[in-house]
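# Structural overview for review
Spelled out from the first residue to the last, the chains are:
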Amino acid sequence: MTMSPTIGDQDISIDPGYDQKPRTCMYKDAVCVLPPTHVLLEARHDGGYVRTEYCARHYGLELAYFLEVHITTCRAGVRAHFAGFGEIGSVTKFDE
């Protein structure tokens with residue numbers, strides 16, 4: 001839905017489309033409005049991956065949880081869980 005409000009004699013077009021939505025951290029355990037700076041590529045069973053973007057704090061928390069809690073009870077290795085990781089723009093993929 002496009003709205004066209006006016007201020008004085010000027011028309012201002014506002015389009016709240018999906019591609020205009022600002023990106024925010026995708027941390028699943030709490031709301032975070034910080035912009036993402038890091039990415040985890042979570043491996044899928046079909047060989048693909050799901051890209052999840054986090055702020056630096058929540059990226060660290062996700063990695064810490066994985067290393068301190070999950071991996072201690074899981075027999076699968078890191079590559080079974082992640083296809084890549086790193087800062088947005090310079091992601092390290094395991095298959096490269």
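Up top is the structure.
Residues numbered from 1 in each chain as written. Predicted model: local features only at pLDDT ≥ 70, side-chain atom pairs only at ≥ 80, totals over all residues. Heavy atoms only, no water.

### Examining the side chain of His58
Where we set the bar: By the criteria applied, helices consist of DSSP H or I runs no shorter than four residues and strands consist of E runs no shorter than two, each listed in order from the N terminus. Residue exposure (1.4 Å probe, protein chains only): buried if accessible area is under 20% of the type maximum, exposed if over 50%, otherwise partly exposed.
Turning to its location among the elements, His58 is positioned in helix α1 (residues 56-70). Here His58 falls in the buried class, since its relative accessible area comes to 4%.

### So, the packing of aromatic side chains
Definition in use: Under the pairing criterion, centres of Phe, Tyr and Trp rings, with the six-membered ring standing for Trp, must be within 6.5 Å; the plane angle then separates stacked pairs below 30 degrees from edge-to-face pairs above 60, leaving the rest tilted.
If you walk through the whole model with that rule in mind, you get 1 aromatic pair. Judged by centre distance (4.9 Å) and plane angle (75°), the ring pair of Phe66 and Phe82 falls under edge-to-face. Of the two residues, Phe66 sits in helix α1 while Phe82 sits in strand β5 (residues 82-87), which places them 16 residues apart along the sequence. Each member of the pair Phe66 and Phe82 is classed as buried.

### Let's talk about the environment of Gly84
Stated formally: Should any heavy atoms of two residues lie within 4.5 Å, those residues are considered in contact.
Looking at where Gly84 falls in the secondary structure, it is placed in strand β5. With 35 residues separating them along the chain, Gly84 and Tyr49 place their C-alpha atoms 8.8 Å apart. The contact partners of Gly84, leaving out residues within four places of it in the chain, are Val39, Leu40, Leu41, Val91, Thr92, Lys93 and Phe94.

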